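Structural overview
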Amino acid sequence: MIKLPENFQTYAEARKAGFLRMKEIKDNGGRIVGIFCSFVPQELLMAAGAAAAPLCAFSDEPIPAAEAHLPRNLCPLIKASYGFALTDTCPYFYFSDFIVGETTCDGKRKMFELMNEIKETYVMQLPHSKSEAALQLWKEEIIRLKEKLEDFYGITITEEQIKEAIRIKNQERNAMLGFLELGKLNPAPLSGYELGTRLDGLGFNFDMEERCRIIEERTKEVYEDWKKNYQGKETNRPRILITGCPNSGVRDKIIKAVEEMGADVVAFDCCNGTREKVELVDENMPVYDALAKKYININCSVMSPNKSRMNYIEEMMEEYQIDGVIEIILQACHTYNIESHYVKQTVVKKGKAYLMIETDYSQADKGQISTRLEAFLETIEK
Ligand code: BJ8
């Protein structure tokens, strides 16, 4: 695994550092809205002057408590997120004025009903296709969220404010994308472990300008180091693309493990990767049309059909010179699990290696996963 920089902040450290920022926002009378998903248009929260608190949980600690209300055979992300709320042990949930959920998968959709009993949870009705009719519905839902924010805070949100938020969020997307696209360099300039951890960690920094500055500085630093120390050097380390469900809760036992075995994770088709960032919001369209178009195009498996994800994976395999794809499925995630059939087809058609790992946040399968990763790497000839 490529060495981490000395000042590297782990995900847990970044999350903890954000607690203080949250509290400061609250102490100064600021607004905070908790969110779970890439489909929630953060530009509206920004236009309302609210920070978006990321609430998706990646720890198995609160799961036993959640299982008192939720089925055991449910996605760990859903159980952990609900468990934190139920046990009142997540400062991001605690400081949120209200929660914005969305009808993505069945598990989250129904869990939000229970969460609403703990704290107000407003649910956006996300259509599950990208048709013209779905786009219109989604645009109306986006306007409804704007109205919800206006009612909740007793404010008026102008189109000018939304335009400005779109401009800033697009800048941030570009900065993050610039960092993730370092993975296109060959040999790999940094570890996939760092790529993913930094991106997740920055979600706990609510100052967009600072976020951009930090990531642009690191991008520049890594690129210069690559030119000096890696460019032109031969390597036989396989280049891996990670796809599927959010992977932060299983990063150590899959991403870190495979890198320690001699591979480089260089690309991420997932929500803590490029998935939400590749398409910007069109700054020349009317704001609600532009937001609806951008967000409905996110290639999540809750969309049906979702052919554009397969096209995107194919493109990524070319652009990042991928040797093998690891698909991460969180236990009981039916949409990604079923869609893995097409992902495998897409990868195999290109003559590359494919491995699907279905797992949860526990450490019980760590040894078994290591064995499978080792066997997978052996199938990749370099
Ligand atoms: S846009 S990936 S953040 S829904 S919770 S679907 S893992 S069973 S998280 Fe997601 Fe939005 Fe899509 Fe991204 Fe499966 Fe679990 Fe559901 Fe999940």
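Residues numbered from 1 in each chain as written. Predicted model: local features only at pLDDT ≥ 70, side-chain atom pairs only at ≥ 80, totals over all residues. Heavy atoms only, no water.

**A few points about the overall build of the protein chain**
A tally of regular secondary structure across the protein chain gives 15 helices and eight strands. A globule of 382 residues ought to have a C-alpha radius of gyration of about 21 Å, and the protein chain, at 20 Å, matches this closely. Viewed in the frame of its principal axes, the protein chain has a C-alpha envelope of about 60 × 45 × 45 Å. Taking all 382 residues of the protein chain together, 56% fall into the buried category. Excluding contacts between residues fewer than 6 apart, the proportion of contacts in the protein chain whose partners are at least 24 apart in sequence is 74%. Taken as a whole, the protein chain presents about 16700 Å² of accessible surface, with 48% of it coming from carbon and sulfur. (Helix = DSSP H or I, 4+ residues; strand = E, 2+ residues; numbered from the N terminus. Rg over C-alpha atoms; globule rule 2.2 N^0.38 Å. Buried < 20%, exposed > 50% of the residue type's maximum accessible area, 1.4 Å probe, protein only. Contact = heavy atoms within 4.5 Å. Areas by Shrake-Rupley, 256 points an atom, 1.4 Å probe, with all protein chains shown as cover.)

**Some words on the sheet that holds strand β4 (residues 121-124)**
If you trace the four strands from one edge of the open sheet to the other, you get β2-β1-β3-β4, paired in parallel fashion. Every interior strand has two partners, whereas the edge strands, β2 (50-54) and β4, have only one. Ignoring which end each strand starts from, the neighbouring axes of this sheet average 30° apart. By the bridge criterion, four bridges tie strand β3 (residues 98-102) to β4 in an arrangement that is parallel. Considered in β4, the bridge of I99 is made with T121. Running at roughly 160° to β3, helix α6 (residues 106-115) makes contact with β3 and β4 of the sheet. Contacts from helix α7 (residues 132-153) reach β1 (31-35), β2, β3 and β4 within the one sheet, and its direction differs from that of β4 by about 160°. (Pairing = 2+ DSSP bridges. Axes fitted to C-alpha atoms, helices over the stretch in contact; angles between N-to-C directions.)

**Digging into the sheet that holds strand β7 (residues 324-330)**
The parallel open sheet is built from four strands, whose spatial order is β6-β5-β7-β8. Two strands in the sheet have a free side with no partner beyond their single neighbour: β6 (264-269) and β8 (353-359). Strand-to-strand, the axes of this sheet are offset by a mean angle of 25°, without reference to chain direction. Judged from the seven bridges that link them, β7 and β8 form a sheet pairing that is parallel. Its bridge partner being in β8, I326 is matched across the sheet by L355. Relative to β6, helix α13 (residues 307-319) is tilted by about 150°, and along the sheet it contacts β5 (239-244), β6 and β7. The sheet strands contacting helix α14 (residues 334-349) are β5, β7 and β8, and the helix crosses β8 at an angle near 165°.

**Brief notes about the site of the ligand**
Every one of the 16 residues lining the ligand counts as a neighbour, but C37, C105, C271, C300 and C333 are closest to it. Residues of the shell around the ligand, tallied by class, amount to 12 nonpolar, two polar and two charged. Among the domains, domain 1 (11-157) and domain 2 (161-378) are the pair contributing at least three residues each to the shell around the ligand. (Near = heavy atom within 4 Å. Nonpolar A, V, L, I, M, F, W, Y, C, P; charged D, E, K, R; others polar. Domains from an automatic or database assignment.)

**Structural notes on the nonpolar core**
Ranked by size, the top nonpolar core spans 112 residues in total, and within it L149 and I326 carry the most contacts. Counting only domains with at least three residues in this core, you end up with domain 1 (11-157) and domain 2 (161-378). Look past the residues within four positions of L149 in its chain and what remains in contact with it is V33, L44, L45, A48, F98, G154, I155 and I157. Ranked by size, the runner-up nonpolar core spans 16 residues in total, among them I2, M310, I313 and V325. (Core = buried A, V, L, I, M, F, W, Y, C linked by side-chain atoms within 4.5 Å.)

What is shown is where atoms sit, not what they do.
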